[in-house]
Each structure stands twice: as structure tokens, then as C-alpha cells.
Amino acid sequence: MNILLVCSSGMSTGLLVDKMRMEGENRNIQDLKIVACSVDEIEKYISNCDVVLVAPQIRYKEKYIYALAMSKNKGYAIIDGVHYGLVDGNKILDQAFGLMRK
């Protein structure tokens, strides 16, 4: 599974990427790739992902990101603000797996 985390600069999700990777290792999930990028870079990364998760602080870009994700048949969601604030890799990884398209 390839997960793309999108935020305003690509930096605020760095710690979250680490937490999600650690959770993936704890669960013995094979082939888990998690990348963070800024909203300005999304078109460069979206083709290589299965799921797009958006940081709550860029909800104002939702229309654009949602349309792009749907046009590429990607799972899409805005990360729950509480889980994002707590950097809860477990809950956010669960959210990502819940978005997988068949």
C-alpha cells in the first residue's frame, strides 16, 4: 500500500510518517510506503499512491485535492483533527486502510 500525506508544506506530516511506519512495522505490514508532500507537489506524487490523506489545516484545498484524487481513482480523506494533533499513527493508518479501493 502506498499512502500520500498532503499538508501545506510537506513538513508538518514528517513525524506522522514516522509514527505510521512504526505502526506498520508493529503490524508486520509488508510493502507499506508512506510519503508526505506539500499541496503544491501533489500532482508529482499522486500517481504512485493508493490513498491520499489530507492534513486538516489545508481543508480549504479540499475541492482541488478531492477532484484530483477521484480523477485518478484514489482513496481520499481528510485526516481527523484529533488523530492528527495527537500524531496517532495507529488510527491514521487504520483510516488509510479503510479507504483502499478494490
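If you're wondering where the values come from, they're calculated on a predicted model, not measured in any experiment.

Peer 1: Looking at this structure, I do not really get the overall build of the protein. What am I missing?
Peer 2: Looking only at helices and strands, one finds five helices and four strands in the protein. Taking 13 Å as the expected radius of gyration for a compact globule of 102 residues, we find that the protein reaches 12 Å, a close match to that expectation. If one aligns the C-alpha atoms of the protein with their principal axes, the spans along those axes are about 35 × 30 × 20 Å. Per-residue burial over the protein gives 42% buried out of 102 residues. Across the protein, contacts joining residues at least 24 apart in sequence account for 70% of those joining residues at least 6 apart. With the model as given, the accessible surface of the protein reaches about 5700 Å², and the carbon-plus-sulfur share is 49%. Across the protein, the 13 positively charged side chains and the 12 negatively charged ones have centroids separated by 5 Å.

Peer 1: Got a minute to help me understand the packing of helix α1 (residues 14–26) against helix α5 (residues 89–98) in this structure?
Peer 2: A pair of packed helices is characterised by two quantities: the angle between their axes and the separation of those axes. In contact at an axis separation of 8 Å, α1 and α5 are set at 80 degrees when each is read in the N-to-C sense. In terms of orientation, α1 lies roughly perpendicular with respect to α5. Seen from α1, the contacting residues are Leu16, Lys19, Met20, Glu23 and Gly24; seen from α5, they are Gly89, Asn90, Ile92 and Leu93. Looking at the contact of α1 with α5 residue by residue, the classes come out as four nonpolar, three polar and two charged.

Peer 1: Would you mind going over the pattern of salt bridges with me for this structure?
Peer 2: One side chain can pair with another of opposite charge once the charged atoms of both are near each other. Here the structure, examined in full by the defined rule, presents two salt bridges. Linking Arg27 and Glu23 is a salt bridge whose minimum nitrogen-to-oxygen distance equals 2.9 Å. In this structure Arg27 comes out as partly exposed when scored by relative accessible area, which is 30%. Measuring nitrogen to oxygen at the nearest pair gives 2.7 Å for the salt bridge that ties Arg27 to Asp94. Of this pair, Arg27 sits in the loop between α1 and β2 (33–38) while Asp94 sits in helix α5, placing them 67 residues apart in sequence.

Peer 1: Would you take a moment to explain helix α3 (residues 62–71) for this structure?
Peer 2: The periodicity of an α-helix, 3.6 residues per turn, causes residues three or four places apart in sequence to face the same way. Those residues of α3 lying buried are Ile65, Leu68 and Ala69. Seen from one end, α3 has its buried residues packed into an arc of 100 degrees, which puts them on one side. Opposite the packed face of α3, turned more than 90 degrees from it, sit the exposed residues Lys63 and Ser71. Where the residues of α3 are buried, they touch β1 (2–7), α2 (42–45), β3 (51–54) and β4 (75–78). With its phi angle positive at about 60 degrees, Asn73 sits one or two positions after the end of α3.

Peer 1: Explanation requested: the environment of Pro56 in the structure shown.
Peer 2: Within the secondary structure layout, Pro56 lies in the loop between β3 and α3. Once the C-alpha coordinates of Pro56 and Ile78 are considered, the two residues, 22 residues apart in sequence, prove to be 6.0 Å apart. In contact with Pro56, other than residues within four places in its own chain, are Ile78, Ile79, Gly81 and Tyr84.

Each value, and the rule that gives it
Residues numbered from 1 in each chain as written. Predicted model: local features only at pLDDT ≥ 70, side-chain atom pairs only at ≥ 80, totals over all residues. Heavy atoms only, no water. Helix = DSSP H or I, 4+ residues; strand = E, 2+ residues; numbered from the N terminus. Rg over C-alpha atoms; globule rule 2.2 N^0.38 Å. Buried < 20%, exposed > 50% of the residue type's maximum accessible area, 1.4 Å probe, protein only. Contact = heavy atoms within 4.5 Å. Areas by Shrake-Rupley, 256 points an atom, 1.4 Å probe, with all protein chains shown as cover. Lys, Arg positive; Asp, Glu negative; His and termini not counted. Charge placed at Lys NZ, Arg CZ, Asp CG, Glu CD. Axes fitted to C-alpha atoms, helices over the stretch in contact; angles between N-to-C directions. Parallel < 35°, antiparallel > 145°, perpendicular 65-115°, else oblique. Nonpolar A, V, L, I, M, F, W, Y, C, P; charged D, E, K, R; others polar. Salt bridge = Lys/Arg side-chain N within 4 Å of Asp/Glu carboxyl O. Arc of directions from axis to C-beta.

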